[in-house]
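# Structure at a glance
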Amino acid sequence: MKNEGETTEQPDNTAFTQQRLPAWQPILSAGIVIPGFLLIGLAFIGIGVGLFLTSQTITVLEMDYTGVEKDKPCFGCTIPNIQNCTCEVQFSLSTLFKGPVFFYYGLSNYFQNFRKYGVSKDYYQLTGDTQYFTNPQDSCSPFAYDSKKNPIVPCGAIANSMFNDTFELYQLINGTKKQVPLDGKGISWWTDYNIKYRNPSPVNGSFANAFSGTRNPINWPKPVYELDLTDQNNNGFLNQDFLVWMRRAALPDFRKLYRRITQGDYAEGLPAGNYSLTVHYNYPVLTFDGRKKVVFSNVSWMGGKNDFLGIAYLVVGSLCVVMSVVMLIVYAKFKFSDDDDV
Amino acid sequence: MGSLLSACGINVKKKKVEEERHLRANDREFNLSFKYANNAIKTSKYNVFTFLPLNLFEQFQRLANAYFVFLLILQLIPQISSLSWFTTVVPLLLVLSITLAKDLSDDITRHKNDNHVNNRKVEVLIDGELKSEKWMNVQVGDIVKLENNEFVTADLLLLSSSEPLNLIYIETAELDGETNLKVKQALTITGDLGNDIQRLAAFSGEVRCEPPNNRLDKFTGTLTVGGETLSLDNDRILLRGCTLRNTEWCFGLVVFGGPDTKLMQNSGKSIFKRTSIDHLMNVLVIFIFGFLAFMCTILSIGNAIWEYQEGNSFIAFLPRADGANASLSAFLTFWSYVIILNTVVPISLYVSVEILRLGNSYFIDWDRKMYHVKSDTPAQARTTTLNEELGQIKYIFSDKTGTLTQNIMTFNRCSINGKSYGEVVDFAGQRVEVTEKTEKVDFSWNSLADPKFYFHDHKLVEAVKLGSPEVQSFFRLLALCHTVMPEEKTEGELFYQAQSPDEGALVTAARNFGFVFRSRTPETISVVEMGVPTTYKLLAVLDFNNVRKRMSVIVRNPEGKLTLYCKGADTIIFERLHPSSTKLMEVTTEHLNEYAGEGLRTLALAYKDLDEDKFEEWRERHHEASTALDDREAKLDAIYEEIEKDLLLLGASAVEDKLQDGVPQTIEQLAKADIKIWVLTGDKQETAENIGYSCNMLREEMKEIFIVAANTAEEVREELVNARKKMSPESGDEPPIQKSRLLGKKSQVLEDEKVDGEYGLVINGHSLAFALQKDMQLELLRTACMCQAVICCRVTPLQKAQVVELVKKNKKAVTLAIGDGANDVSMIKTAHIGVGISGQEGMQAVLSSDFSFAQFRYLQRLLLVHGRWSYLRMCKFLRYFFYKNFTFTFVHFWYGFFCGFSAQTVYDEWFITIYNLMYTALPVIGLSLFDQDVNDRWSFQYPQLYAPGQLNQYFSKMAFARILLHSCYSSLILFFVPWAAMCDTVRDDGKDIADYQSFALLAQTCLLIAVSVQLGLDTYYWTAVNQFFLWGSLSVYFAVTFTMYSNGMYLIFTSSFPFIGTARNSLNQPNVWLTILLTTILCSLPVVAKRFLFIQLKPTINDKVRHKVRQAKAVPLPPPRKFPRRRISTRRSGYAFSHARGYGDLVTSGRFLRIPVKTRPTLFPHSETPVADSTPQTYRTIFEEAQSP
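Under an unreviewed UniProt entry, the name given to chain B is Phospholipid-transporting ATPase, and the source organism is Culter alburnus. Taken from UniProt, the Sequence similarities (unreviewed entry) comment for chain B reads in full: "Belongs to the cation transport ATPase (P-type) (TC 3.A.3) family. Type IV subfamily."

In the nomenclature of an unreviewed UniProt entry, chain A corresponds to Cell cycle control protein from the organism Culter alburnus. Looking at the Sequence similarities (unreviewed entry) heading of the UniProt record, one finds this comment for chain A: "Belongs to the CDC50/LEM3 family."

Below, the discussion takes up the sheet that holds strand β24 (residues 562-568) of chain B. Consider a sheet: its strands pair through backbone hydrogen bonds, and that pairing is either parallel or antiparallel. All names here are of chain B. Strand order across the open sheet formed by nine strands is β17-β16-β26-β25-β24-β23-β22-β21-β20, with antiparallel pairing between neighbours. Taken across any chain shown, the strands that pair with only one partner, and hence form the sheet edges, are β17 (419-421) and β20 (515-520). Put simply, the sheet's adjacent strands are angled 30° from each other on average, direction ignored. Where β24 meets strand β25 (residues 600-609), six bridges bridge the pair, whose relative direction is antiparallel. What sits directly across from Cys566, in β25, is Ala606. This element, helix α19 (residues 632-643), spans β22 (532-542), β23 (550-556), β24 and β25 of the sheet and lies at about 130° to β22.

Turning our eyes to something else, we now look at the interface of chain A and chain B. Taken together, the 96 residues of chain A in the interface contact 108 residues of chain B. Together chain A and chain B conceal approximately 9300 Å² of surface at their shared face, both sides included; 63% is due to carbon and sulfur atoms. One can count two salt bridges joining chain A with chain B. Summed over the shared surface of chain A and chain B, the number is 33 residue pairs in polar contact (both at pLDDT 80 or more). Broken down by secondary-structure element, the contributors of at least two residues to the side of chain A that touches chain B are β1 (23-24), α1 (30-57), β5 (101-108), α2 (115-118), α3 (123-126), α6 (190-196), β8 (254-261) and α8 (307-334) of chain A.

Residues and elements named next belong to chain B. Tracing the chain through its elements places Glu644 in the loop between α19 and β26 (648-659). Take Glu644: its relative accessible area is 0%, and that puts it in the buried class. At 2.3 Å, the side chain of Glu644 forms a polar contact with the side chain of Ser552. Setting aside chain neighbours within four positions, we find Glu644 in contact with Leu542, Arg548, Arg550, Met551, Ser552, Leu564, Cys566 and Arg576.

Turning next to the packing of aromatic side chains. What the rule picks out here adds up to 106 aromatic pairs over all chains. Between the aromatic rings of A:Phe16 and B:Phe363, the centroid separation amounts to 5.7 Å while the plane-to-plane angle is 65°, which identifies the pairing as edge-to-face. Of this pair, A:Phe16 sits in the segment before β1 while B:Phe363 sits in helix α12 (residues 347-366), on two different chains. On the numbers, 6.2 Å between centres and 45° between planes, the contact of B:Phe1028 with B:Phe1029 is tilted. In this structure B:Phe1028 comes out as exposed when scored by relative accessible area, which is 60%. Residue B:Phe1029 is classed as buried on the basis of its relative accessible area of 18%.

A few words on the pattern of salt bridges. Counted by the stated rule, this structure contains 57 salt bridges over all chains. Note that A:Asp183 and A:Arg260 form a salt bridge whose closest N and O atoms lie 3.7 Å from each other. Within this pair, whereas A:Asp183 is found in the loop between β7 (176-179) and α6, its partner A:Arg260 is found in strand β8, the two being separated by 77 residues in sequence. On the basis of relative accessible area, A:Asp183 is assigned to the buried category, the value being 12%. Through salt bridges with shared partners, a single network forms among B:Arg274, B:Asp278, B:Glu354, B:Arg357 and B:Glu388.

On to the packing of α12(B) against helix α30 (residues 921-930) of chain B, then. All names here are of chain B. Put simply, α12 and α30 touch, their axes get as near as 9 Å, and they point 35° apart. Considering how the two elements wind past one another, α12 and α30 form a crossing that is right-handed. Where α12 approaches α30, its residues Ile355, Leu356, Gly359, Asn360 and Phe363 are matched on the opposing element by Ile925, Ser928, Leu929 and Phe930. Class assignment for the residues of the contact of α12 with α30 results in six nonpolar, three polar and no charged.

Our next topic: helix α39 (residues 1101-1112) of chain B. Residues and elements named next belong to chain B. Under the 1.5 Å per step criterion, the end-to-end length of α39 is 16 Å for 12 residues, consistent within 8% with the ideal 16 Å. Here α39 has its buried residues at Ile1101, Asn1102, Asp1103, Lys1104, Val1105, Arg1106, Val1109 and Ala1112. The inward-facing, buried residues of α39 abut α28 (858-896), α31 (936-941), α32 (947-950) and α38 (1070-1097).

Another aspect to go through is the pairing of strand β31 (residues 759-763) of chain B. Taken residue by residue, a regular strand's side chains alternate between the two faces of the sheet. Residues and elements named next belong to chain B. Along β31, five of the five residues are buried, which leaves the element largely enclosed by surrounding structure. Taking every second residue as pointing to the same face, both faces of β31 are buried, with Tyr759, Leu761 and Ile763 on one and Gly760 and Val762 on the other. Note that strand β28 (residues 704-708) and β31 share five bridges and pair parallel. Pairing of Ile707 across the sheet is with Val762, part of β31. Pairing analysis gives four bridges linking β31 to strand β32 (residues 789-792), with the strands arranged parallel.

Turning our attention to the pairing of strand β19 (residues 493-497) of chain B. All names here are of chain B. Bridge count between strand β18 (residues 485-490) and β19: five bridges; the pairing is antiparallel. In the strand pairing of β19, Pro486 is matched with Tyr496. From the end of β18 to the start of β19, which pair antiparallel, there are two residues, and Gly492 there has a positive phi angle of about 90°.

For the rest of this paragraph, the subject is a nonpolar patch on the surface. All names here are of chain A. Nonpolar side chains collect at one region of the surface, where Ile311, Val315 and Leu319 lie side by side and expose about 270 Å² of accessible area between them. Structurally, Val315 can be placed in helix α8. Its relative accessible area of 43% is what places Val315 among the partly exposed residues.

Here we come to the state of the cysteines. Following the criterion strictly, the structure yields three disulfides over all chains and no others. Across the disulfide from A:Cys77 sits A:Cys85; the S-S distance is 1.7 Å. Its S-S torsion of about -70° marks the bond between A:Cys77 and A:Cys85 as left-handed, since a negative value means left-handed. Residue classification places A:Cys85 among the buried positions, given a relative accessible area of 10%. Ordering the disulfide-forming cysteines of chain A by sequence position, one finds them joined as 1-4, 2-3, 5-6. Take B:Cys414: it sits in no disulfide, and the sulfur closest to it among the cysteines is that of B:Cys481, at 16 Å. Overall, B:Cys414 belongs to the buried group, its relative accessible area being 0%.

Attention now moves to the UniProt feature "transmembrane region" (unreviewed entry) in chain A. All names here are of chain A. Here, the residues flagged by UniProt with the feature "transmembrane region" (unreviewed entry) are residues 27-53 and 311-332. For residues 27-53, the end-to-end C-alpha separation is 38 Å, with 89% helix and 0% strand making up the annotated structure. The annotated region residues 311-332 carries 100% helix and 0% strand content, and the separation between its end C-alpha atoms amounts to 32 Å.

Quick look at the sheet that holds β8(A) now. All names here are of chain A. What the four strands build is an open sheet, ordered β2-β11-β5-β8; its pairing is antiparallel. Among the strands making up the open sheet, the edge pair consists of β2 (60-64) and β8. Adjacent strand axes in the sheet meet at a mean angle of 20° when their direction is disregarded. When β5 meets β8, the two strands line up antiparallel, connected through seven bridges. Of the residues in β8, the one forming a bridge with Gly106 is Arg255.

Criteria and thresholds
- Residues numbered from 1 in each chain as written.
- Chains lettered and ligands numbered in written order.
- Predicted model: local features only at pLDDT ≥ 70, side-chain atom pairs only at ≥ 80, totals over all residues.
- Heavy atoms only, no water.
- UniProt positions renumbered as here; feature names shortened; annotations may be inferred.
- Pairing = 2+ DSSP bridges.
- Helix = DSSP H or I, 4+ residues; strand = E, 2+ residues; numbered from the N terminus.
- Axes fitted to C-alpha atoms, helices over the stretch in contact; angles between N-to-C directions.
- Contact = heavy atoms within 4.5 Å.
- Buried area = accessible area lost by both parts, 1.4 Å probe.
- Salt bridge = Lys/Arg side-chain N within 4 Å of Asp/Glu carboxyl O.
- Polar contact = N/O pair within 3.5 Å; in protein donor to acceptor, adjacent residues only side chain to side chain.
- Buried < 20%, exposed > 50% of the residue type's maximum accessible area, 1.4 Å probe, protein only.
- Phe/Tyr/Trp six-rings, centres within 6.5 Å; stacked < 30°, edge-to-face > 60°.
- Left-handed = near helix turned anticlockwise from the far one by under 90°.
- Nonpolar A, V, L, I, M, F, W, Y, C, P; charged D, E, K, R; others polar.
- Expected span 1.5 Å × (residues − 1).
- Patch = residues over 30% accessible without salt bridge, like charges linked within 9 Å, V, L, I, M, F, W, Y side chains within 5 Å.
- Areas by Shrake-Rupley, 256 points an atom, 1.4 Å probe, with all protein chains shown as cover.
- Disulfide = S-S within 2.5 Å.

As structure tokens, then:
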């Protein structure tokens, strides 16, 4: 029998248990929504204008050099199995191409984001762990071993398919070719160069010995430790071009930084004039209907040229303003009267 | 398999089904040969070794977990695996371990309980002496000795007891929750053994009986003692779980032990109720699986085309395994995409839904406004999986007694010798409303008075004290003519065990007015009359039954005078009055009408002095009749009729069947919320109608109240059709049925019909029986559903369930049944939601209910506040959950078109793994635990807010389709805006940013922020917790991202965290943030605009009230409306006596009624339906005897 007045089972009287927690209860009232839309709209238009104008200041020069059509200079190099083909692409600038100019190569219809392609590498190998040199991970398959069961370093499809066209840029001044110095340093991410990729320590003083017992990727003419014999800091896995390639693209049309033009007479940019681009044409893309191009571009605070953001901001901003007007009209005309019996 | 399982501790099905139980007392060897279970019980499921394997085995049988495993297997196939194994394993492990922990703690509790019970001690007769033994060591065939207040050890055959006539009293609280006492009686042949240990030890009776089963009300068997075979029935059996009361000791023979006992056989089987949202979810999940297959098919077709057109040439860069071709690749891609897009199937949803429901159940448990101080009973959500259904109730089926009324009868008025007492009048003779403050009559002159008894009219006490003979006879009658059992624990402290509360109230009244019923034996009744102990000889009890509607006793007072005292229905008594009482009868009738008009339950009282010779003669004939073999009932009735005539009227009593507090208000509120209330009661039509008026269900302003009380099927149909035509003249003969076919299940739904004005319907039990027949069911339903209030009277428990079933089956509506007693169990179990009223006498209803609380009025809070909030929260949760997962997944779909359909994920695998577990889990749980559109006071103010739930407006197939479209839109934004913004762009230092990892980071950040903003838009009620969860989750996202992409993580776990540096390199770019801002705005502003415009153009009730709340912030709410208590003007007969035949036979069984105690009327006379079969039957006597249809 329970004693009267005893309340042992009584629940606690707290704001939490009684669901009385203090709370902010915003509602979509006209006073907030309409001015809100207007303000957002105006702000977006402002940002949009800024972005659009900035984007307009960026110069981009894009040249497809695949050589699909017969009259293109590189058409001759598209014949299968041709070795050491070189072609020249001419172009002229009517005004100064303001520097610093970035020199990109671009590939289209190239699926670096293909799943099986993307996983085809061995992170341990690329951190210079020699244990994985002789035993590459399965993820590299079928580019882990060659037909003679020699382990491949660096293994995997990404490394194997490394872009190997090279370019030289000349300015044509009065019929003579003046080479434009291209700077290949620091074109990869700092983290890639300093953390993510590491070369193995030299064995017996020789860097190449560290790779003994392995072979170069099948498509490569030379082993990874000979990628840049002139500069040990740019050699092996730390080769800038290699690093840039290994950072695979998100979309099938992409461009990758090849060089920067920052030195000598060209520090201010490429002056007006005629130029000749010598292409050492090695990389086959026509089999899968790919395209290759070179892109010269400068940058702004918002990065490379991209009109989309600016236009999108302008459009969204305008829509917001229009919406705020529509909502104002609707509100004025239809708002439910307060003394409506609920 | 079997041996393996049994080795693991599971009882595989018994090899041989027991057909008959055969046992011999005191012969363990003989009994052991049958291998009957001993008295140890085991409710736990696992032991130390079997826990892990068994539990995991069980868990993997669940669809969700099996699906996880299926995905895991897919992921382990290298050709298919598009995601690392950990994306599946981490969530799976989390879900498994949570369940594991819960099951473990449950099982530990069960182990503890088992141990506690198994180690209880009892005295067992072993080798001729009584030894204290643990319960678990008791064997079938043992004789055990029980003492007062001890639990019954096992199912026992009662052998002997300390009480006369070998009676014992038991309480069945643990078995069926009821606290009133029941009586059992031993066979005389065993009863004679007494407590003689020698004789008991020598006792070697053999019992043959039914095999173990779960019928609590039935037992058949025989006992063979010394060549004599006696039949055994339920009255000889003590069931485990009962408690011995008021009995010094008793001996019993163990018939069923441990798992074979009826208690254990009854446990563990419960009906699993699912909510309508659960059902909808099941349909949706099937649809989603189809949708998943559809998406994967499209993507794999795309893959085939891609392989055919491009892939073959791409071979230069990615040679594939030998024999690979486009169709194989497409096949593998299909499964790869099944892995990637698996997040559309809401597997983690089930876990979250359970958490939410549990949380919302706790809120019900914790609610102080549903806590009843007087009985110290909080509300309890006994089923934690039905909360949101509380917000969708359309029909409430309520019991009357104990639910609407308190089941407390108070002796309120009486009319003695033409004088009415009990009304309080002031000096001016004006009637005064009785309140708490009204001065109470002082009963301190009577040391035996019940302190809880109140009476306000002093005149009556004075009349008693003055010794008015009529008044004294009146109370003497009340003290003598009844079947109440007294219990006097300590001197002067009396408790009455009454068959019905009416009777208890009357005896208590007599007690307080100086005629104290003190004790009874089969032959005598001891009464203290105005302080003088007096003993009456009890010569006969002419017990109550439904036809007789009266009961009488014949007593001889100490002076030797024979008197018959009779009480019963006024109409019955008045027919049997002596002509001299005619005048008094007229006055009394007037009083009776007055009482009935106030909703009181009345009885007329009369007496008659008997002539010695005539009585002797009558007694002989009575004896003859009572031993007659055929037609005994009718013969007895005729004999009774003979003597109950020429009675002299004493007066009438009026007992108030008190309404619970706040019942009329609650009913009015619920009616405003468009909930229809049907009262299903066992009471008489008049009583039910009275209560219907007094609790505001039936209202004077109703256009008409139809009363269906016909005797043939045709008449019932006619009355129903007439009523319908009156309400809606244009309603056709064909019921408006909406047929639908879903997943092969045909369903018929009866649509609502329009009616203007409010109507009520009262239908009596007889008509209901006809109306519930197959061909008339729909007619009944159509008519009843058009009425605002429906009252069914004289309904049997089975019919209650049938009515609920009828509505449940044919209406697309959620039903709720509320009741307090065992007769409501079937309806509580049948309805979508069962509510039990706790803290009253019986617990049976509570035990089978889903929610319980102490007072009917809490129902409005349960529905209008908790139910509404739960529904709102659940729907918001589901909508948001689907939205966030669909959006998440569809982005993968779009990306498929840009990655050669190669099943490349857009996001980092770690993000995929913990998106649902961490980044978005807490905010949505916060939303769905705390959100409220308006607070509870406003919910009461506008009960109309309840309507959206009834109409399923917040989550339906339509809503789901809208979510799908919304997700589609958001995912398009979330993919194509980053796509366009990143296409061909670079960092501000010219380096790469359109790489896969940066894109992944951008896409996932956009997604997370966009869904978080969406959550913000969905949140109505921003508590600190919500803010903390939302901002916390976003901060956690950035913290975790920066950590996972840090140098350290890469150096330690090189291949697991390849995204090193991505966060640093891309999140410092302004165009990345501008893209995030753009996607967020594009995802959220259209939603805001749409909602705003809808609020203006088509405001919902919800919008309106929220608007009002905002305006009323400064202005306080109007005070709650007062509901005037109605006085019923129309005169109605108020006779009602909630009584069935009771102990009458028993109390006199030692005398001349030599017939064995009859079994009580069973609750379910017709047990053809499964409901009746599966419902354990109980001892609780229902108030009106079940009528056969």
